[in-house]
Amino acid sequence: RSSRERLINGCDISDTDQVAGLLAFVAQEHPDLDMVLLNAAVTHTYKLFDGEDALSHAEDEMRTNYLSAVRLIDELVPILDRQADPALIVTTSGVAFAPDITNPTYSATKAALHSLTQSVRLQLERDGSNIKVFEFMAPLVDSPFSAGVISGMKMPVPTAVAELFDGVERDELELHVGITKDAYEALRESSDAAVRAVNAATGG
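Now for a quick tour of the structure. (Residues numbered from 1 in each chain as written. Predicted model: local features only at pLDDT ≥ 70, side-chain atom pairs only at ≥ 80, totals over all residues. Heavy atoms only, no water.)

**A few points about the packing of helix α3 (residues 54-80) against helix α4 (residues 104-126)**
Stage number 1. Between α3 and α4, the shortest axis-to-axis distance is 9 Å and the interhelical angle comes to 15°. In terms of orientation, α3 lies roughly parallel with respect to α4. The two elements α3 and α4 meet at a crossing, and its hand is right-handed. Every residue of α4 that contacts α3 at Ala54, His57, Ala58, Glu61, Met62, Asn65, Tyr66, Ala69, Val70, Ile73 and Val77 is listed here: Thr105, Tyr106, Thr109, Ala112, Leu113, Leu116, Val120 and Leu124.
Stage number 2. Split by residue class, the contact of α3 with α4 holds 14 nonpolar, four polar and one charged. (Axes fitted to C-alpha atoms, helices over the stretch in contact; angles between N-to-C directions. Helix = DSSP H or I, 4+ residues; strand = E, 2+ residues; numbered from the N terminus. Parallel < 35°, antiparallel > 145°, perpendicular 65-115°, else oblique. Left-handed = near helix turned anticlockwise from the far one by under 90°. Contact = heavy atoms within 4.5 Å. Nonpolar A, V, L, I, M, F, W, Y, C, P; charged D, E, K, R; others polar.)

**Describing a nonpolar patch on the surface**
Stage number 1. A cluster of nonpolar side chains, namely Met35, Val157, Val161 and Phe165, defines an oily patch on the protein surface of about 300 Å² accessible area.
Stage number 2. If one sorts the elements of the nonpolar patch by residue count, helix α5 (residues 157-169) sits on top with three residues.
Stage number 3. Its location among the elements puts Met35 in strand β1 (residues 35-38). (Patch = residues over 30% accessible without salt bridge, like charges linked within 9 Å, V, L, I, M, F, W, Y side chains within 5 Å. Areas by Shrake-Rupley, 256 points an atom, 1.4 Å probe, with all protein chains shown as cover. Salt bridge = Lys/Arg side-chain N within 4 Å of Asp/Glu carboxyl O.)

**Concerning helix α2 (residues 16-29)**
Stage number 1. Compared with an ideal rise of 1.5 Å per residue, which puts 14 residues at 20 Å, α2 spans 20 Å between its outermost C-alpha atoms and is within 8% of the ideal.
Stage number 2. Inspection of α2 places Val19, Gly21, Leu23, Phe25 and Val26 among the buried residues, and these make up the whole buried set.
Stage number 3. Residue Asp15 occupies the N-cap position of α2, its side-chain oxygen lying 3.0 Å from the main-chain nitrogen of Asp17. (Expected span 1.5 Å × (residues − 1). Buried < 20%, exposed > 50% of the residue type's maximum accessible area, 1.4 Å probe, protein only. Polar contact = N/O pair within 3.5 Å; in protein donor to acceptor, adjacent residues only side chain to side chain.)

**What about the packing of α2 against α3?**
Stage number 1. In contact at an axis separation of 11 Å, α2 and α3 are set at 10° when each is read in the N-to-C sense. Taken together, the axes of α2 and α3 lie roughly parallel to each other. Along the contact surface, α2 presents Thr16, Val19, Ala20, Leu22, Leu23, Val26 and Ala27, while α3 presents Arg71, Leu72, Glu75, Leu76 and Ile79.

**Considering the nonpolar core**
Stage number 1. Ranked by internal contacts, the top residues of the largest apolar core, which has 22 residues, are Leu38, Leu72, Ile73, Leu76, Leu88, Val120 and Ile131.
Stage number 2. Listing elements by their share of this core, those giving two or more residues are α2, β1, α3, β2 (87-93) and α4.
Stage number 3. Tallying contributions element by element places α3 first for this core, with eight residues.
Stage number 4. Once you skip the residues sitting within four places of it in the chain, Leu76 turns out to touch Leu23, Val26, Leu33 and Val36.
Stage number 5. Ranked by size, the runner-up nonpolar core spans 12 residues in total, among them Ile89, Ala138, Val141 and Leu175. (Core = buried A, V, L, I, M, F, W, Y, C linked by side-chain atoms within 4.5 Å.)

**Comments concerning the sheet that holds strand β6 (residues 174-176)**
Stage number 1. With respect to topology, four strands assemble into an open sheet ordered β1-β2-β3-β6, the strand pairing being parallel. Across the chains shown, the open sheet's two edge strands, defined by having one partner strand only, are β1 and β6. Ignoring strand direction, the axes of neighbouring strands in this sheet form an average angle of 20°.
Stage number 2. Direction of pairing for β1 relative to β2: parallel, over a ladder of four bridges. Pairing of Val36 across the sheet is with Leu88, part of β2.
Stage number 3. Strand contacts of α5: β1, β2, β3 (132-138) and β6, with the helix running at about 150° to β3, the strand carrying the most contacts.
Stage number 4. Contacting β2, β3 and β6, helix α6 (residues 179-189) runs over the sheet at an angle of about 100° to β6. (Pairing = 2+ DSSP bridges.)

Any functional reading would require information beyond the geometric quantities listed.
Next comes the structure, spelled out in structure tokens:
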């Protein structure tokens, strides 16, 4: 099948061959691409030291949540750099700086992605690039991804999307939304306070 036919059913960004197909498709079909949103993620909800294979979970999450972003950013920046007003948007989470203990290795991958996003932003600035690098530190969103989390603090998807693009319009490069903003404010008090605030919200 052609790259176009394969992409109709989506792309597994943890699969090297599929990502290569995606990048070839973008280069051929969308050379004028001026905005990229990296939003894909996988998580495993479990307790540490409770018989779960934390290493296996971490390997799965790191491939999808972090390593795929490293590759996609590296390959897509040259395309974005050719455009007049390009933007790169990376979705992380409040767990990047205050981990959810029910999703411990997922939280670690988001911390890594937060650090990478900051590095990308500074390096592009020093290179004279006009790419704006946004980090959407997403709240707990009421979506299939968070179906297993019992919480009254989930934000509806349309609200989260509106918050994201409102922030982009304001050129707010690091967006703290919903309970992520609460965790960020708690972090100013202490890192322990931030961790406790996040886990009170997620039931951890």
